[in-house]
Amino acid sequence: VAFLMPDQASTRYEEHDYPGFKAAMSDLCSDCKVIYQNAHADVALQQQQFNSVITQGAKVIVLDPVDSSAAASLVGLAQSQGIKVIAYDRPIPDRAADYYVSFDNQGIGKAIADSLVEHLRINKVSRDSGGILQINGSPTDAAAGLIRDGIDQGLDGSEYSTLAEYATPNWAPPKAQSWASGQINRFGSKIIGVVAANDGTGGGAIAAFKSAGVDPVPPVTGNDATLAALQLIISGDQYNTISKPSEIVAAAKVAVSMLNGETPKAKTTLYNTPSELFVPEVVTRGNIKKTIFDSGIASADDVCTGRYLAGCKELGIK
């Protein structure tokens, strides 16, 4: 089974997805071999890796595409040789994979936006005091488009306006940081919050505010529950994120089912592909202990280090 991830701009693939998938495969199929590759946001490299794992004998390929459109030809290539393809986390709209495992990405966007809006309301932040920056994901990622649609849905239904919006090439945090820096110079204290589509772009925005000497940092959203984001939430610098453990184990279960010649049961259909889409869970400082640490998703020893230890003690994490 090949596990092909798109980039390292988000640390989730090295921290969570691959270790979690490998562990789940070990439990479900102890004699199965897992081949892991990361494309480093390079479409051509992912194509090479895809061809390579076919040559190595992969029977099932779990693919999180760098470019959702370009991935259509990869799906066709595999299927022509009887190889199953599981689209993972990001959909492949132009060619139906054999299965799609992800979270409800539009639901993720709406959830993080709704959470931010609720936070602003609770803190009685007036709509007249400013607006929100929206940092979307990569324009070549179909999942990023769905997350953006969800964010739009959440913000459009609120009293708060969007000051400016940005599509982050390859989800690269430095690009998000650079753009946010420009908006801080442009809008200053008019920025009352930031809806960022994942933890990397959110972290970039936070770094921009810190560099500009903004204190406190306006509430910033995220998605993926990376270790860095968990630390930023504990310290109060990031407002929320999304925890995603479910899809990792589900992808392994589907892969093993396909190896056994079975047809996994679909819970729904997206882009003509049988799918299982999990409901996102928003993580904030208020529920991080229960959601992340009590459930064993992350270890306090890994997160509660250095300047974050005081916050962990305050929250009862360590």
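For the structure itself, consult the block above.
Below, the structure is looked at part by part. Here the structure is a predicted model, which means the values were calculated and not measured.

Thresholds, definitions, all that
Residues numbered from 1 in each chain as written. Predicted model: local features only at pLDDT ≥ 70, side-chain atom pairs only at ≥ 80, totals over all residues. Heavy atoms only, no water. Helix = DSSP H or I, 4+ residues; strand = E, 2+ residues; numbered from the N terminus. Buried < 20%, exposed > 50% of the residue type's maximum accessible area, 1.4 Å probe, protein only. Contact = heavy atoms within 4.5 Å. Phe/Tyr/Trp six-rings, centres within 6.5 Å; stacked < 30°, edge-to-face > 60°. Salt bridge = Lys/Arg side-chain N within 4 Å of Asp/Glu carboxyl O. Lys, Arg positive; Asp, Glu negative; His and termini not counted. Polar contact = N/O pair within 3.5 Å; in protein donor to acceptor, adjacent residues only side chain to side chain.

### Considering the environment of alanine 9
- Residue placement: alanine 9 occurs in the loop between β1 (2-5) and α1 (12-28).
- Judged by relative accessible area, which is 23%, alanine 9 ranks as partly exposed.
- As a C-alpha pair, alanine 9 and aspartate 31 span 22 residues in sequence and 32 Å in three-dimensional space.
- For alanine 9, the contacting residues outside a window of four places in its chain are Asn170, Trp171, Ala172 and Pro173.

### Considerations on the packing of aromatic side chains
- Following the criterion strictly, the structure yields six aromatic pairs and no others.
- Centroid distance phenylalanine 103 to phenylalanine 278: 5.8 Å. Interplanar angle 45°. Geometry classified as tilted. You can see phenylalanine 103 sitting in strand β5 (residues 99-103) and its partner phenylalanine 278 sitting in strand β11 (residues 273-278), a full 175 residues away along the chain.
- For phenylalanine 103, a relative accessible area of 2% corresponds to the buried category.
- When the ring of tyrosine 166 is compared with that of tryptophan 179, the centres are 5.2 Å apart and the planes differ by 5°; the resulting orientation is stacked.

### Some details on the pattern of salt bridges
- With the rule as written, the count across this model stands at 18 salt bridges.
- The salt bridge involving aspartate 17 is made with arginine 12; its shortest N-O contact spans 2.6 Å.
- Aspartate 17 sits in the buried class, given a relative accessible area of 2%.
- A salt bridge links lysine 110 to aspartate 114; the nearest nitrogen and oxygen atoms lie 2.6 Å apart. In this pair, lysine 110 and aspartate 114 both sit in helix α4 (residues 105-122), four residues apart, roughly one turn of the helix.

### What about the side chain of aspartate 199?
- Here aspartate 199 lies in helix α7 (residues 199-211).
- With no salt bridge to any partner, buried aspartate 199 finds its closest opposite charge in arginine 12, at an N-O distance of 8.3 Å.
- At 2.8 Å, the side chain of aspartate 199 and the backbone nitrogen of alanine 225 are in polar contact.
- Looking at aspartate 199, its side chain comes within polar contact range of the main-chain nitrogen of threonine 226, at 3.0 Å.

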